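One letter stands for each residue in the lines below.
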Amino acid sequence: MKTMIKVAARSSLSVIAVFFIISVIAFSSLKISAFSFIGTESSRTDSLLYILSLENHTLHSVMPSQPDRSLGKVALEILTNINLADMKTFLFTEIPGLYASSPKILIAGQGTDFTNLPIESPPPQDFGVLDETNEAEVVPDNEKRELTNDYVAFIYHTHTWESYLPLLPGSTNPSSNDKNVTVLGKRLGEKLEENGIKTLVDSSDIQEKLLKRGMKYYQSYAVSRESVVEALGQNKQLQLMFDIHRDAQRKHVTTKEIKGQSYAKVMFVIGSGNPNYMKNIQFADKLHKLLEKSYPGLSRGVLNKPKIEGNNGVYNQDLFDHNLVIEIGGIDNNLEELNRTVDALAEVISEYYWGEAVEASKNK
């Protein structure tokens, strides 16, 4: 009998030792895993809670609902970073360098994940199929603010010909040198000025300049950079800058219904090739939160693109720390949806400027 007790005790100690080793590995994995930076931290916490709840049943009251959870799946995810329900985890763990060269969601809006990230439009047909490189409070009219003396905001369009199919009846190509994203930039400028923010809108046809110079489509940011440099040189009081684009995603990804009205969703894009990109992230985060407060679900969040993508991941944001690329809607959004979104953006940008930006300038 004593021998059986000793064997049982040794077995229990072995189980405890194995569990301790697994726990140490798991906790180490939690600290050093690069994959934890792309959105799995919460699932790891849930997994740890699940393991602890097997012994301490009181933890069930704080556990999230996990109907398909099993100890085997939890252990696999903790020890290998592979989530059987998320196929991209296989790619990130097996293909060297893929994580570093992939866009990263810095701030996720409602419904935003790696399955519906913005899609870059191909070059317009003039450049060939392939390139050589790869509800806020509205101020009553009688309380409108007076227009600032100097230009405070600057709006431009690097991909001038990006357009929307509803603006081009009968066309299957969402690209136009006439009806395109410049109509949104013009409207945004008008709405900002209605809120007292004097705005310089540059409607330069960047793609036309590329064609005249014999340049490639991927060089668009080099040409739009000239406009940014000129604007900064001639207007020392600029505090806000926006490069307006259109996503190539379809309507189910780029549309949101709010209080019975349809809006084109927006995504803020930051390039990590800019050494001071954290300042642009902070700016984007504030606008995202203001949109969420007044128009829940309208913002798809803030996306970080690395050096390997688009103008070496800079997007001219190295020139100015309040310069954002804003993707407004996708190829299927109509003008009514786009205009509602532009008006909403003007409201939150004005709220930001007359609140935080003006106060900060007073304290300088």
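Residues numbered from 1 in each chain as written. Predicted model: local features only at pLDDT ≥ 70, side-chain atom pairs only at ≥ 80, totals over all residues. Heavy atoms only, no water.

1. Brief notes about helix H6 (residues 206-213)
Note: α-helices contain 3.6 residues per turn, so residues at a spacing of three or four share the same orientation.
Right, so step 1: Every buried residue of H6 is listed here: Ile206, Gln207 and Leu210. One face of H6 carries all of its buried residues, which in axial projection span an arc of 100°.
Right, so step 2: Those residues of H6 that are buried are in contact with helix H7 (220-234).
Right, so step 3: Taking the backbone nitrogen of Gln207 as reference, a side-chain oxygen 3.4 Å away marks Asp205 as the first, capping residue of H6.
Right, so step 4: Just past H6, the residue Gly214 takes up positive phi, approximately 70°. (Buried < 20%, exposed > 50% of the residue type's maximum accessible area, 1.4 Å probe, protein only. Helix = DSSP H or I, 4+ residues; strand = E, 2+ residues; numbered from the N terminus. Arc of directions from axis to C-beta. Contact = heavy atoms within 4.5 Å. Polar contact = N/O pair within 3.5 Å; in protein donor to acceptor, adjacent residues only side chain to side chain.)

2. Notes on the confidence of the model for the chain
Right, so step 1: Across the chain, pLDDT averages 77, with 57% of residues at or above 70.
Right, so step 2: For residues 24-43, every residue scores under 50 in pLDDT, and the model assigns this stretch 24 contacts once sequence neighbours within four places are set aside.
Right, so step 3: Low pLDDT, under 50, characterises residues 96-102; the predicted model gives this stretch 13 contacts beyond four residues in sequence or across chains. (pLDDT = per-residue confidence, 0-100.)

3. A look at the environment of Ile328
Right, so step 1: Structurally, Ile328 can be placed in strand E9 (residues 323-328).
Right, so step 2: When the C-alpha positions of Ile328 and Thr254 are compared, they lie 8.3 Å apart, and in sequence the two are 74 residues distant.
Right, so step 3: Those residues within four positions of Ile328 in sequence are excluded, and the remaining contacts are Tyr164, Leu184, Ile244, His245, Arg246, Lys265, Val266, Leu338, Thr341, Val342 and Leu345.

4. A few points about the pattern of salt bridges
A side chain with one charge may pair with a side chain of the opposite charge, provided their charged atoms come close.
Right, so step 1: All told, the structure shown has nine salt bridges when counted by the stated rule.
Right, so step 2: Its salt-bridge partner being Arg187, residue Asp343 comes within 2.9 Å of it at the nearest N-O pair. Linking Asp343 in helix H11 (residues 335-362) with Arg187 in helix H5 (residues 182-194), this pair joins segments that are 156 residues apart in sequence.
Right, so step 3: Residue classification places Asp343 among the partly exposed residues on the basis of a relative accessible area of 21%.
Right, so step 4: Between Arg250 and Asp332 there is a salt bridge, and its shortest N-O distance comes to 2.7 Å. Remark: Asp332 occurs in the loop between E9 and H11 and Arg250 occurs in the loop between strand E4 (240-245) and helix H8 (251-254); sequence separation between them is 82 residues.
Right, so step 5: For Asp332, a relative accessible area of 17% puts it in the buried group. (Salt bridge = Lys/Arg side-chain N within 4 Å of Asp/Glu carboxyl O.)

5. Structural notes on the nonpolar core
Right, so step 1: Among the nonpolar cores identified, the biggest contains 41 residues, and Phe242, Phe268 and Ile328 are the most heavily contacted of them.
Right, so step 2: Looking at this core, the elements with two or more residues in it are strand E2 (153-156), H5, E4, strand E6 (261-264), strand E7 (266-271), helix H9 (277-294), E9 and H11.
Right, so step 3: With nine residues, the top contributor of residues to this core is H11.
Right, so step 4: Every residue in contact with Phe242, bar those within four places of it in the chain, is listed here: Phe154, Ile155, Tyr156, Phe283, Leu287, Asn323, Leu324, Ile326 and Ile349.
Right, so step 5: Counting residues in each nonpolar core, the second largest holds eight residues, with Tyr156, Leu238, Met241 and Phe320 among its members. (Core = buried A, V, L, I, M, F, W, Y, C linked by side-chain atoms within 4.5 Å.)

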